[in-house]
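Examination of the molecular architecture
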Amino acid sequence: MGGGESPKCGSNREEVVAAPPSLANAPILLLVCFHKALRTELAEVRRLSLSALESGSHDHDLILDLRRRFEFLKLAYKYHCSAEDEVIFLALNVHIKNVACTYSLEHKSIDDLFDSIFHYLDKLVVDDETLSKRFQELVLCISTIQAAICQHMLKEEEQVFPLLVQQFSSKEQSLLIWQFICSIPVVLLEDVLPWMTSFLSQEEQIDVVHCLKQITPDEKLLQEVIISWVGERKASTPNGQGFQYHGFVVPSYERFIHVCHVEGLQLLLHSYAQNEIPLAKFVEKLCRELESFVKGISKHLVYQETEVFPIITKNWNYEIQQWLLYASLHTLPLGLLKCVVTWFSSHLCEEASKSVLHSIKQATPLIDNSFASLLKEWIRIGYSGKTSVDKFQSELNEIFNNRCSFSSIENVHNANKCSSNSSSSSSGFNLHNLLPGKLKILSPSLEFSVEKTGPNSVGNLEPQPIDQFFFFHKALKKDLECLVLVSAKMAENNGLFTDFCRRFRLLQFLYHIHSDAEDEIAFPALEAKGKLQNISHSYAIDHKLEVEYFTKTSIILEKMSEFNDSVHSLNKKKMEQSKMNFSRMCLELHEICKSMQNMLCDHIHREELELWPIFRECFSIEEQDKIVGCMLGRTKAEILQQMIPWLMAYLAPEEQDAMMSLLKKATKNTMFDEWLGEWWEGMKSYNVGKVVDDLNPKLTVDPFEIAANYLSKESFHDRKRENLHEENFEVDISRDFKVDDKAEIIDGHECAECIKLFSDGEKKRCNERDDVKVNQKTGDQEHPTALSQEDLEDAIRKVSRDSSLDPQKKSHIIQNLLMSRWIVTQKKLNAEDNVTSSREEVPGQHPSYRDPLKQCFGCTHYKRNCKLLAACCNQLYTCIRCHDDVADHSIDRKYITKMMCMFCLIVQPIAPTCATVSCNNFPMAKYYCRICKLFDDDREIYHCPYCNLCRVGKGLGIDYFHCMNCNACMSCSISVHTCRERCLEDNCPICHEYIFTSSLPVKALACGHLMHSTCFQDYTCTHYTCPICSKSLGDMQVYFGMLDALLAEEKIPDEYASQTQVILCNDCEKKGASPFHWLYHKCANCGSYNTRLL
C-alpha cells in the first residue's frame, strides 16, 4: 500500500520547511518542527499497524504500544492546538481577520478522530474471531487521522505561517512562541521537546537549541531547564499507580469548584463590559458569585486538611509524598508555575521558607537538578519581596491575556463535557482537567446563526437560492458513503468494480465543477464584502488538496483495471499472487476512500457551519440569485444532464420540489424550463416524475374536441360544408394528401413516436388511449382542419375577440386551432411510415453537396451527412434554414422526427448515426443536438440550456457564459456588461429581425441595447446615437471637441447672443440651459452635444 500521507504531503512539506527563513530570523517556524515530528510519528505508527495487519500478528503488546503512542500523540496534539487557538491565532486575528476560525474548527474535528481510534483500541482488548476485522478498521482510522492531520498542517504552513512571518517581527514571534511554551504543562514539555528534536537532523537540532535560547527570557536557570529538556526522551513516571491509589482511598473526592462557576464569573464580567447589565445589578450579582466562590474554596481547603492529607500521611511514605508534590507541580503550565511559586513563597515566613528549600534539596534525586535550582530561585525571589501583588497580577495578565473566551452557556457545557471525556497522558495524568483551556470561538455570532441555518433548514425556513449548496452537499455525502461501502465489498465481489468506477468518475467530475464554481464565483463574492476578506482562502486550499486525493484514487483504479484486463491470461500460480495483489489494492482503495470521505465531509461541515450562514445574512435574495445564476451560467447542458438526476436520486420528494423551484427562480428569465421539459423525456429512469410533471401544463382533453366544440357554436358552417365529404376530408397545407377516416394507427412504435413529438399532456393522452383514430364527423360540428387558411384566421380572430372566454381558455383554444393541422399531418406521416421506409420517393430524396468537387455532403449553411424531413411539407431539406429560405412559412424544430442518410438515401428516425446495416453506424456529423435537430461537421457548437438553442462556440464555462438577467450567451472576455432583462428577446432596431434566434453576430451597445454587427457598421456611418434610447454609442469626446472648435469660430447675431434655450441631455438625462444655436446645444453638466430642445 501507499505511503499513507496526504497526497504530495511529503514533497510539499519539504518545500515549506526549506523555503521560509531560518529559525533565527523566524522563530515562529519552530512549530513547523513540531509538524515534521508529528508527520513522521504518524507515518511510523501507520507502518507498524499495517505491517501487523498484513502479517496477521495482533498481539497484546502491540495493542498496548499503539495505545501508549496514541495517548501521547493525542495529548501533545491537543495542547499544541489549544496553544495555537489561544495564543497564535488570537494574535494573528488582530492583524488579519477571518483566517483563524476555520483552523480552530479543524482542530475540533481532528480531536474527534482520536476518539474513534481509542474506540477500536478498546475493542481489540477482547480476543475473538472478529479481531482481524477490527484491527483492519483500526488501520483505516489511523490512515484517516494521518491524512486529516497532514492536510491540516500543510494548510497552516501554506497560509498561516507565511502570514505570521509577514505580520510579526522576529521579537514578536519570539514572544508568541514563549507564550505558546508557557501554556503547556511542564510534564508534557519534558516529553514533547526531546520527542520533537529526535526527528530532526543534527543541524536542525542545533537551530532549535539556538531558537529556544533566543525566545527564552534572560533567566539563566530558566534557559538551562529548557535546554536540558532537549535531549533523550524520559522514561515513564515511577510508581504510576499513585494517583489511582489516591482515587481509591478517597472515592468521594470531587473538584472544589466546578468550571461553570469560573465561567459564570467570566460571563458576568463580560456582560458588564458590554454594557448589558446595570451597575447596581452587576454589583449585586458579583458579590453573590464571589461569596459562593470563596465558600467553595474554603470548603475544599478544609476538606483537604481534614480528610485527604491525614490519609496521605498515614498510607504513603516520605518519598511517595515528595513525588506527589513535585508531580503536581509538573502538571501546571510553565508560566503559571512561576507565578504560583513566587506568589506562594511571598507569603512564607523565614522558617517555612527554609523548610521548603530544604525539601527541594532532598528531592533532587526525584527531579531534574536544573529544574530544582529554578524552583529554589523562584522561591528566593518571592520570599525576598521582589514580587508584589501588583507584579504577580501583571505577570498573570501577560501570560493569560486574551486567553479566555466569553462564549455562550452552551459552549461552557460543551467544554466541560470535553474535559470529562479526556483521556489520560502517557504519564498517567489527566492534564486537560487541570488546565481547562477552551478552544477560542472567534465569532460567537456565527455559531448563533448556524443554529438557525444549515442543510436541514429548508424544512424550517423559506428556501433561499444559496440552499442549493446544501442540496449538493447532501448528495455528495450520500455518494461518498456509497463509494466507501462498495470499496469495502470489492475484494469479495470483483463485479462491483465497474459500478464503483462509474460512481467515482461522476463524483469526481461533479465535485470538480462544484469546487471551481465556489472558488471562481461564490468565494470572491463573499470576499468582496469588506469585513469578510480571507474567510474562504482555507477552503480554496482544501479544494486544491482534495483534487490530489481524486487523482490518487484514479491511479489505483487504473492499476485495478489493468489487473482485470490481464487476469484471464495468467496461470494458476500467478493467479493466486494476482488475487493477493488485487486484495491489497482493494484495501488501499478502501483506505483512501475512507480518508477522502472524512476530509470532504469535514470540509462540507465547516463550510455549512462558517460560510453559508454568512451568505444568508450578508446577501439578499436577489444577490443570492445572481450568484447562483452566475454559477449556472457557466454550466454546460451536458453537465446539468448528469448533475440534476444525480441530485434528485439523493433528495427527498420535498427537497426535490424545493431544488427545482430554486432552479426555476434563478433561471426565470431564460428558456431553462423549456429545455428541462424537452430534455427530461430521455431521462425516464430517474424517479423525479412529480417535479417534471409540473414543467408543462396538462392537456387531458383532445385538442380537436376543444376547437370543434367551440366552432360548432359559430355561424360559418355553410361556408365550409361544401368542402367536406361524408366519409373523408382533404387538408391542404403545402402538399395535397388524403387520409381515410377509417384508418387506425394502433402500432405501439407509433405511440412511442408520439412521446417524441407531442407535449407532455398530449403524450399522456396518447398513452391512455390504445389507438388514435383519424376520422372526423360532418354536420353541425365542424373539424378545424377542414377550414381554409382564411377561415382558420377568421376563427382565431373570433376567439380572440370573444369576451365571454377567460384568458386561459381563450389561449388554449387558439393554441389548439394553430396546432390541429400539424397533428393531423403527423398522424398521416405515422400511418404512411411503412411506405416511406420501403423507398417510396419523397421530394428531395437525393444527396446535396456543400462542395460538389470534393463530394462533401451538406449545404451552404452546414456540413452534414443527412437531410431532415419537414413534417409540414413532407419534403426533405438539408437543414431548417434551407427550408425557411424557400418556403412561405417556418419549420418548428420540435416536430422534426425523421431524417434521410445521404449515403444510403433511407428515411429513418432522426439519430446521430445511420440505422441502416449497410452504413455500419455511419455518423451524420461530429455534432448532434437531439433538441434542436442540428447536425454539423465543421464548427464547434454547444447547446445552451438557458437559450434552449445551439450556439457557435466551445461551450459555457469555456469561452461563453449565460447571463440569466439578459438571457444571452456572452463571451467570457467581457468582464463587465450593461445588464438589461431579456435584452436579446427583441428585434434589431435596424433590420427588425428577431435577435434571439438570429444567426448573425450581435453588437452590444454601451446603453445595453443590441443590434446586428453589420447593421451597426452601416448605421454608424451616419449616426452616433442609439436608435432606441438616443444615448451616444461610444466615447464622442473627439467629435464634441471638434464641435467646440467650430462654435468658437462661429459668430452669433447680437440679438441672439444673450438668449438661452432649455435642453435635455440624452446622455446624462439632466435638464439645463444652453446658449442659443440653430443646431448644436451643449450640455453644461457632461459636455455632450447629444441633446434635444424642450
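Our subject in this report is the structure included herewith. (Residues numbered from 1 in each chain as written. Predicted model: local features only at pLDDT ≥ 70, side-chain atom pairs only at ≥ 80, totals over all residues. Heavy atoms only, no water.)

Side note on the packing of helix 2 (residues 30-55) against helix 7 (residues 186-197)
- Viewed as axis vectors pointing N to C, helix 2 and helix 7 meet at an angle of 80°, and their least axial separation amounts to 9 Å. When the axes of helix 2 and helix 7 are compared, the pair comes out roughly perpendicular. Of the residues in helix 7, those in contact with L30, C33, F34, A37, L38 and E41 of helix 2 are V192, W195 and M196.
- Residue composition of the contact of helix 2 with helix 7, grouped by class: eight nonpolar, no polar and one charged. (Axes fitted to C-alpha atoms, helices over the stretch in contact; angles between N-to-C directions. Helix = DSSP H or I, 4+ residues; strand = E, 2+ residues; numbered from the N terminus. Parallel < 35°, antiparallel > 145°, perpendicular 65-115°, else oblique. Contact = heavy atoms within 4.5 Å. Nonpolar A, V, L, I, M, F, W, Y, C, P; charged D, E, K, R; others polar.)

Some details on the nonpolar core
- L334 and L375 are the most contacted members of the largest nonpolar core, which totals 98 residues.
- Per element, the largest residue contribution to this core is 17 residues, and it comes from helix 3 (residues 60-95).
- Here L334 is in contact with W178, I181, C182, I184, V186, L189, L222, I226, W229 and W378, once residues within four sequence places are set aside.
- In terms of nonpolar packing, the next biggest core, distinct from the first, is built from 94 residues, F563, I592, C932 and F1016 among them. (Core = buried A, V, L, I, M, F, W, Y, C linked by side-chain atoms within 4.5 Å. Buried < 20%, exposed > 50% of the residue type's maximum accessible area, 1.4 Å probe, protein only.)

Quick word on the packing of helix 2 against helix 5 (residues 131-167)
- The interhelical angle for the contact between helix 2 and helix 5, taken along N-to-C directions, is 160°, at an axis separation of 10 Å. Accordingly, the angle class assigned to the pair helix 2 and helix 5 is roughly antiparallel. In this structure, the crossing between helix 2 and helix 5 has a hand that is left-handed.
- Residue classes in the contact of helix 2 with helix 5 are distributed as 17 nonpolar, six polar and four charged. (Left-handed = near helix turned anticlockwise from the far one by under 90°.)

A closer look at the packing of aromatic side chains
- Summed over all chains, the structure comprises 29 aromatic pairs.
- Ring pairs connect the aromatic residues Y1024, Y1039, F1040, Y1080 and Y1089, which therefore count as one cluster.
- The positively charged end of K529 is found above the aromatic ring belonging to F619, 4.8 Å away from the centroid.
- Seen from the ring of F961, R634 lies directly overhead, with NZ or CZ sitting 5.0 Å from the centre. (Phe/Tyr/Trp six-rings, centres within 6.5 Å; stacked < 30°, edge-to-face > 60°. Lys NZ or Arg CZ within 6 Å of the ring centre and 35° of its normal.)

Quick notes on the pattern of salt bridges
- In the structure shown here, the tally under the stated rule is 34 salt bridges.
- A salt bridge links D122 to R67; the shortest N-O distance between them is 2.1 Å. Residue D122 is found in helix 4 (residues 100-123), and its partner R67 is found in helix 3; the two are separated by 55 residues along the sequence.
- Note that K108 and D112 form a salt bridge whose closest N and O atoms lie 3.0 Å from each other. Residue K108 and its partner D112 are located together in helix 4, separated by four residues, close to a single helical turn.
- Overall, D112 belongs to the partly exposed group, its relative accessible area being 37%.
- Linked by salt bridges that have partners in common, E106, K155, D542, D602 and R606 make up one network. (Salt bridge = Lys/Arg side-chain N within 4 Å of Asp/Glu carboxyl O.)

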